[in-house]
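Here are the chains, one letter per residue:
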Amino acid sequence: MTINFDKNKDGLVPAIIQDVETKTVLMLGYMNDEAYKKTLKTGLVTFYSRTKQRLWTKGEESGNVLQLENIKIDCDNDTLLVQVKPSGPTCHTGSDTCWNKENTSSFGFISKLEATIKDRKENFKPNESYVASLFKKGINKIAQKVGEEAVEVVIEAKDNNDALFLSESADLLFHYLILLQAKGFSLSDVVKELKKRH
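As the structure is a prediction and not an experimental result, all values here were calculated from the model.

Draft legend 1. How the structure looks around the pattern of salt bridges. Within the structure shown, the criterion is met by ten salt bridges. Of the charged contacts in the structure, one is a salt bridge between E21 and K195, with a shortest N-O distance of 3.3 Å. One end of the pair, E21, is in the loop between β1 (13–19) and β2 (25–31); the other, K195, is in helix α6 (residues 187–197), with 174 residues separating them in the sequence. Among the residues examined, E21 registers a relative accessible area of 46% and is labelled partly exposed.

Draft legend 2. Region of the structure containing the packing of helix α3 (residues 130–137) against helix α5 (residues 162–182). Running from N to C, α3 and α5 cross one another at 45°; their axes reach a closest spacing of 11 Å. Judged on the interaxial angle alone, α5 and α3 are oblique. Regarding α3 and α5, the two cross each other, and that crossing is right-handed. Residue-level inspection shows Y130, V131, L134 and F135 of α3 in contact with α5, the latter providing F174, H175, I178, Q181 and A182.

Draft legend 3. Up close: unusual backbone geometry. The backbone of Q53 shows a phi angle near 60°, a positive value even though the residue is not glycine. With relative accessibility at 54%, the residue Q53 sits in the exposed group. Despite not being glycine, N100 shows a phi value in the positive range, around 55°. In this structure, N100 sits in the loop between β6 (80–86) and α2 (109–123). Classification of N100 as exposed rests on a relative accessible area of 66%.

Basis of the calculations
- Residues numbered from 1 in each chain as written.
- Predicted model: local features only at pLDDT ≥ 70, side-chain atom pairs only at ≥ 80, totals over all residues.
- Heavy atoms only, no water.
- Salt bridge = Lys/Arg side-chain N within 4 Å of Asp/Glu carboxyl O.
- Helix = DSSP H or I, 4+ residues; strand = E, 2+ residues; numbered from the N terminus.
- Buried < 20%, exposed > 50% of the residue type's maximum accessible area, 1.4 Å probe, protein only.
- Axes fitted to C-alpha atoms, helices over the stretch in contact; angles between N-to-C directions.
- Parallel < 35°, antiparallel > 145°, perpendicular 65-115°, else oblique.
- Left-handed = near helix turned anticlockwise from the far one by under 90°.
- Contact = heavy atoms within 4.5 Å.

Geometry only, nothing functional implied.
This is the structure we're talking about:
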(Lines give C-alpha, C1' and ligand atoms only; values in the text may rest on other atoms or scores of the structure.)
Protein backbone atom coordinates (compact mmCIF):
# COMPACT_ATOMS: atom_id res chain seq x y z
CA MET A 1 0.00 0.00 0.00
CA THR A 2 1.53 3.30 -1.14
CA ILE A 3 0.16 6.33 0.67
CA ASN A 4 0.75 9.75 -0.86
CA PHE A 5 1.83 11.70 2.22
CA ASP A 6 3.31 14.36 -0.06
CA LYS A 7 0.01 15.39 -1.63
CA ASN A 8 -0.64 17.92 1.15
CA LYS A 9 2.18 20.25 2.16
CA ASP A 10 1.79 19.33 5.84
CA GLY A 11 2.43 15.64 5.05
CA LEU A 12 -0.90 14.59 6.55
CA VAL A 13 -3.66 12.40 5.14
CA PRO A 14 -7.20 12.10 6.51
CA ALA A 15 -7.94 8.89 8.41
CA ILE A 16 -11.61 7.96 8.63
CA ILE A 17 -12.14 5.75 11.68
CA GLN A 18 -14.87 3.11 11.38
CA ASP A 19 -16.04 0.41 13.79
CA VAL A 20 -15.21 -2.86 12.04
CA GLU A 21 -18.37 -4.57 13.31
CA THR A 22 -21.10 -1.93 13.28
CA LYS A 23 -19.63 0.00 10.29
CA THR A 24 -20.37 3.24 12.16
CA VAL A 25 -17.98 6.10 11.39
CA LEU A 26 -16.50 7.08 14.74
CA MET A 27 -14.22 10.02 14.00
CA LEU A 28 -11.84 11.68 11.58
CA GLY A 29 -8.17 12.17 12.34
CA TYR A 30 -4.96 12.81 10.45
CA MET A 31 -1.90 10.63 10.03
CA ASN A 32 1.57 11.34 8.79
CA ASP A 33 3.99 8.59 7.81
CA GLU A 34 5.27 8.26 11.38
CA ALA A 35 1.76 7.95 12.87
CA TYR A 36 0.85 5.36 10.22
CA LYS A 37 3.92 3.26 10.99
CA LYS A 38 3.35 3.48 14.74
CA THR A 39 -0.27 2.40 14.24
CA LEU A 40 0.89 -0.69 12.33
CA LYS A 41 3.60 -1.49 14.87
CA THR A 42 1.53 -1.12 18.04
CA GLY A 43 -1.92 -2.09 16.76
CA LEU A 44 -3.31 1.05 18.43
CA VAL A 45 -4.50 3.87 16.19
CA THR A 46 -2.12 6.82 16.37
CA PHE A 47 -2.64 10.22 14.76
CA TYR A 48 -0.62 13.32 14.22
CA SER A 49 -2.30 15.92 16.42
CA ARG A 50 -2.33 19.29 14.69
CA THR A 51 -3.21 20.92 18.01
CA LYS A 52 -0.48 19.25 20.07
CA GLN A 53 2.00 19.19 17.15
CA ARG A 54 3.01 15.60 17.98
CA LEU A 55 2.00 11.98 17.61
CA TRP A 56 -1.07 11.13 19.65
CA THR A 57 -2.36 7.62 20.29
CA LYS A 58 -6.13 7.68 20.70
CA GLY A 59 -6.98 6.85 24.31
CA GLU A 60 -3.59 7.69 25.77
CA GLU A 61 -5.38 9.82 28.38
CA SER A 62 -8.91 8.37 28.50
CA GLY A 63 -7.98 4.72 28.03
CA ASN A 64 -10.51 4.48 25.19
CA VAL A 65 -8.08 3.14 22.63
CA LEU A 66 -8.88 2.11 19.08
CA GLN A 67 -7.59 -1.40 18.37
CA LEU A 68 -6.53 -1.62 14.71
CA GLU A 69 -8.27 -4.24 12.59
CA ASN A 70 -7.27 -3.11 9.09
CA ILE A 71 -6.44 -0.10 6.96
CA LYS A 72 -7.66 0.54 3.42
CA ILE A 73 -6.58 3.34 1.10
CA ASP A 74 -8.78 5.20 -1.36
CA CYS A 75 -8.36 5.36 -5.13
CA ASP A 76 -6.22 8.54 -4.96
CA ASN A 77 -3.86 7.07 -2.33
CA ASP A 78 -4.45 10.04 -0.02
CA THR A 79 -7.26 9.04 2.37
CA LEU A 80 -7.32 6.12 4.78
CA LEU A 81 -10.24 4.03 6.02
CA VAL A 82 -9.12 2.65 9.36
CA GLN A 83 -11.33 -0.12 10.74
CA VAL A 84 -11.09 -0.59 14.49
CA LYS A 85 -12.51 -2.17 17.61
CA PRO A 86 -13.14 0.70 20.03
CA SER A 87 -12.65 0.08 23.75
CA GLY A 88 -15.10 2.78 24.80
CA PRO A 89 -16.57 6.09 23.63
CA THR A 90 -14.50 7.64 20.85
CA CYS A 91 -15.33 11.33 21.25
CA HIS A 92 -13.72 13.46 23.97
CA THR A 93 -17.28 14.48 24.96
CA GLY A 94 -18.04 10.91 26.01
CA SER A 95 -20.17 10.16 22.96
CA ASP A 96 -19.69 6.96 20.97
CA THR A 97 -18.85 9.05 17.89
CA CYS A 98 -17.74 12.59 17.12
CA TRP A 99 -21.16 13.12 15.53
CA ASN A 100 -22.95 12.27 18.79
CA LYS A 101 -24.34 9.10 17.23
CA GLU A 102 -24.79 5.85 19.11
CA ASN A 103 -22.44 3.14 17.87
CA THR A 104 -24.91 0.32 17.30
CA SER A 105 -25.39 -2.23 14.57
CA SER A 106 -27.75 -1.29 11.80
CA PHE A 107 -29.33 -3.75 9.44
CA GLY A 108 -30.51 -1.13 6.97
CA PHE A 109 -34.18 -1.52 6.08
CA ILE A 110 -34.64 -4.29 8.66
CA SER A 111 -33.67 -1.85 11.42
CA LYS A 112 -36.21 0.65 10.07
CA LEU A 113 -38.81 -2.10 10.06
CA GLU A 114 -37.98 -2.94 13.68
CA ALA A 115 -38.46 0.74 14.57
CA THR A 116 -41.82 0.77 12.76
CA ILE A 117 -42.95 -2.33 14.64
CA LYS A 118 -41.95 -0.71 17.93
CA ASP A 119 -43.84 2.46 17.01
CA ARG A 120 -46.98 0.48 16.12
CA LYS A 121 -46.72 -1.44 19.39
CA GLU A 122 -46.35 1.68 21.52
CA ASN A 123 -48.39 4.33 19.72
CA PHE A 124 -51.21 2.67 17.79
CA LYS A 125 -54.52 1.16 18.78
CA PRO A 126 -55.39 -2.40 17.69
CA ASN A 127 -58.05 -1.12 15.29
CA GLU A 128 -55.48 1.18 13.65
CA SER A 129 -52.68 -1.31 13.02
CA TYR A 130 -52.27 -5.01 12.28
CA VAL A 131 -49.08 -5.05 14.35
CA ALA A 132 -50.79 -3.37 17.31
CA SER A 133 -53.63 -5.90 17.06
CA LEU A 134 -51.14 -8.79 17.25
CA PHE A 135 -49.50 -7.34 20.35
CA LYS A 136 -52.95 -6.90 21.89
CA LYS A 137 -53.73 -10.60 21.26
CA GLY A 138 -50.57 -11.62 23.11
CA ILE A 139 -47.53 -13.83 22.78
CA ASN A 140 -49.44 -17.02 21.95
CA LYS A 141 -51.04 -15.47 18.87
CA ILE A 142 -47.77 -13.92 17.71
CA ALA A 143 -45.91 -17.22 18.12
CA GLN A 144 -48.72 -19.02 16.29
CA LYS A 145 -48.37 -16.60 13.35
CA VAL A 146 -44.63 -17.29 13.17
CA GLY A 147 -45.34 -21.02 13.11
CA GLU A 148 -47.94 -20.63 10.35
CA GLU A 149 -45.62 -18.51 8.25
CA ALA A 150 -42.75 -20.98 8.76
CA VAL A 151 -44.91 -23.84 7.50
CA GLU A 152 -45.89 -21.77 4.45
CA VAL A 153 -42.23 -21.08 3.69
CA VAL A 154 -41.48 -24.81 3.82
CA ILE A 155 -44.41 -25.58 1.51
CA GLU A 156 -43.36 -22.91 -1.01
CA ALA A 157 -39.71 -24.04 -0.85
CA LYS A 158 -40.79 -27.39 -2.31
CA ASP A 159 -42.53 -25.73 -5.28
CA ASN A 160 -41.03 -23.79 -8.16
CA ASN A 161 -42.80 -20.49 -7.63
CA ASP A 162 -40.01 -18.16 -6.51
CA ALA A 163 -42.35 -15.19 -6.11
CA LEU A 164 -44.53 -17.09 -3.61
CA PHE A 165 -41.47 -18.40 -1.78
CA LEU A 166 -40.08 -14.87 -1.37
CA SER A 167 -43.48 -13.52 -0.33
CA GLU A 168 -43.88 -16.16 2.38
CA SER A 169 -40.26 -15.60 3.47
CA ALA A 170 -41.00 -11.90 3.91
CA ASP A 171 -44.11 -12.77 5.96
CA LEU A 172 -42.05 -15.08 8.16
CA LEU A 173 -39.33 -12.52 8.77
CA PHE A 174 -41.86 -9.79 9.50
CA HIS A 175 -43.71 -11.88 12.07
CA TYR A 176 -40.44 -13.13 13.57
CA LEU A 177 -39.38 -9.50 14.17
CA ILE A 178 -42.70 -8.96 15.95
CA LEU A 179 -42.11 -12.07 18.08
CA LEU A 180 -38.61 -10.89 19.00
CA GLN A 181 -40.03 -7.58 20.27
CA ALA A 182 -42.81 -9.36 22.11
CA LYS A 183 -40.10 -11.30 23.95
CA GLY A 184 -38.09 -8.11 24.62
CA PHE A 185 -35.36 -8.74 22.05
CA SER A 186 -34.19 -7.37 18.72
CA LEU A 187 -32.40 -8.77 15.69
CA SER A 188 -29.08 -7.51 17.08
CA ASP A 189 -29.52 -9.90 20.03
CA VAL A 190 -29.84 -12.81 17.60
CA VAL A 191 -26.75 -11.62 15.71
CA LYS A 192 -24.78 -11.50 18.98
CA GLU A 193 -25.80 -15.10 19.68
CA LEU A 194 -24.70 -16.16 16.20
CA LYS A 195 -21.36 -14.39 16.63
CA LYS A 196 -20.77 -16.31 19.87
CA ARG A 197 -21.21 -19.55 17.92
CA HIS A 198 -19.05 -18.50 14.96
